[in-house]
Amino acid sequence: MADATRTIETVPRPLRLNRLVSAQIKNVFGQKNSFYGQTMSVWVTVSSDADRKVGVIVSKRTFRRAVDRNRAKRLMREAFRLSAPALVAGVHLVLVARSGIKDKMCAEVMKDLERIAKRARIWAPTA
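For the structure given in this document, a descriptive report is provided here. (Residues numbered from 1 in each chain as written. Predicted model: local features only at pLDDT ≥ 70, side-chain atom pairs only at ≥ 80, totals over all residues. Heavy atoms only, no water.)

**Details of helix H2 (residues 66-83)**
Given 3.6 residues to a turn, an α-helix orients residues that are three or four positions apart in the same direction.
Move 1: End to end, H2 covers 26 Å across 18 residues, agreeing with the expected 26 Å (1.5 Å per residue, within 8%).
Move 2: Listing the buried residues of H2 in full gives Asp68, Arg69, Ala72, Leu75, Met76, Ala79, Phe80 and Ser83. Within H2, the buried residues cover an arc of 130 degrees as seen down the axis, which keeps them to one side. Of the exposed residues in H2, those oriented more than 90 degrees away from the buried face are Val67 and Arg74. (Helix = DSSP H or I, 4+ residues; strand = E, 2+ residues; numbered from the N terminus. Expected span 1.5 Å × (residues − 1). Buried < 20%, exposed > 50% of the residue type's maximum accessible area, 1.4 Å probe, protein only. Arc of directions from axis to C-beta.)

Structure follows, in structure tokens:
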């Protein structure tokens, strides 16, 4: 019998750009600071607070099926959750899925996020 108490780790609520507070997302888009990768495009802004926050967008035009949209969101959130400690403090990101994410695994999405973050100069240098 399968284990019914399966734990799923998600991006904690304080680290999410709140959808209800669209001013945060509008602020990120308003900076017009975007970087493109194979699986996603990333809009970046650095704020004065110390939290790293993320918002995830997947369009119905790119992914017609809800299953594909939800998988893309899960992959991007997990990539952010695992990469967040390596990002510069106070960075706010909006991740927008591209069609290249469809058949990728989490490790590939993480590598793409790392490449984009290094190009955007928000990847903290390792000691």
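**Examining the nonpolar core**
Move 1: In terms of nonpolar packing, the biggest core is built from 26 residues, with Leu93 and Leu95 touching the most fellow members.
Move 2: Mapped onto this core, the elements with two or more residues apiece are strand E2 (40-46), strand E3 (53-57), H2, strand E4 (91-97) and helix H3 (106-120).
Move 3: With residues near it in sequence (within four places) discarded, leucine 95 still touches Met40, Ser41, Val42, Val54, Gly55, Val56, Ile57, Met76, Phe80 and Leu113. (Core = buried A, V, L, I, M, F, W, Y, C linked by side-chain atoms within 4.5 Å. Contact = heavy atoms within 4.5 Å.)

**Focus: the packing of H2 against H3**
Move 1: For the pair H2 and H3, the least separation of the axes is 9 Å and the interaxial angle reads 60 degrees. Between H2 and H3, the interaxial angle falls into the category oblique. Relative to H3, H2 is oriented so that their crossing is right-handed. For the pair formed by H2 and H3, the contact residues are Leu75, Glu78, Ala79, Phe80, Leu82 and Ser83 on the first element and Cys106, Val109, Met110 and Leu113 on the second.
Move 2: Of the residues that constitute the contact of H2 with H3, the class distribution is eight nonpolar, one polar and one charged. (Axes fitted to C-alpha atoms, helices over the stretch in contact; angles between N-to-C directions. Parallel < 35°, antiparallel > 145°, perpendicular 65-115°, else oblique. Left-handed = near helix turned anticlockwise from the far one by under 90°. Nonpolar A, V, L, I, M, F, W, Y, C, P; charged D, E, K, R; others polar.)

**Overview of the pattern of salt bridges**
Move 1: If you walk through the whole model with that rule in mind, you get five salt bridges.
Move 2: Between glutamate 78 and arginine 81 there is a salt bridge, and its shortest N-O distance comes to 2.7 Å. Placement of both glutamate 78 and arginine 81 in helix H2 is noted, with a separation of three residues, approximately one turn of the helix.
Move 3: Given a relative accessible area of 22%, arginine 81 falls into the partly exposed group.
Move 4: Two residues, aspartate 112 and arginine 115, come together in a salt bridge whose shortest N-O distance is 3.4 Å. One end of the pair, aspartate 112, and the other, arginine 115, are both in helix H3, three residues apart, so they sit about a helical turn from each other.
Move 5: Classification of aspartate 112 by relative accessible area gives buried; the value is 3%. (Salt bridge = Lys/Arg side-chain N within 4 Å of Asp/Glu carboxyl O.)

**Things to note about H3**
Move 1: Helix length check: H3, at 15 residues, gives a terminal C-alpha distance of 21 Å against a target of 21 Å (1.5 Å per residue), a fit within 8%.
Move 2: When we look at burial in H3, the residues that qualify are Val109, Asp112, Leu113, Ile116, Ala117 and Ala120. Each buried residue of H3 sits inside an arc of 135 degrees when the element is viewed along its axis, so together they form one side.
Move 3: Tucked into the core, H3 has its buried residues touching strand E1 (34-36), E2, H2 and E4.
Move 4: Positive backbone phi, approximately 60 degrees, marks arginine 121, located one or two places after H3.

These results come straight from atomic positions and should not be treated as a statement about function.
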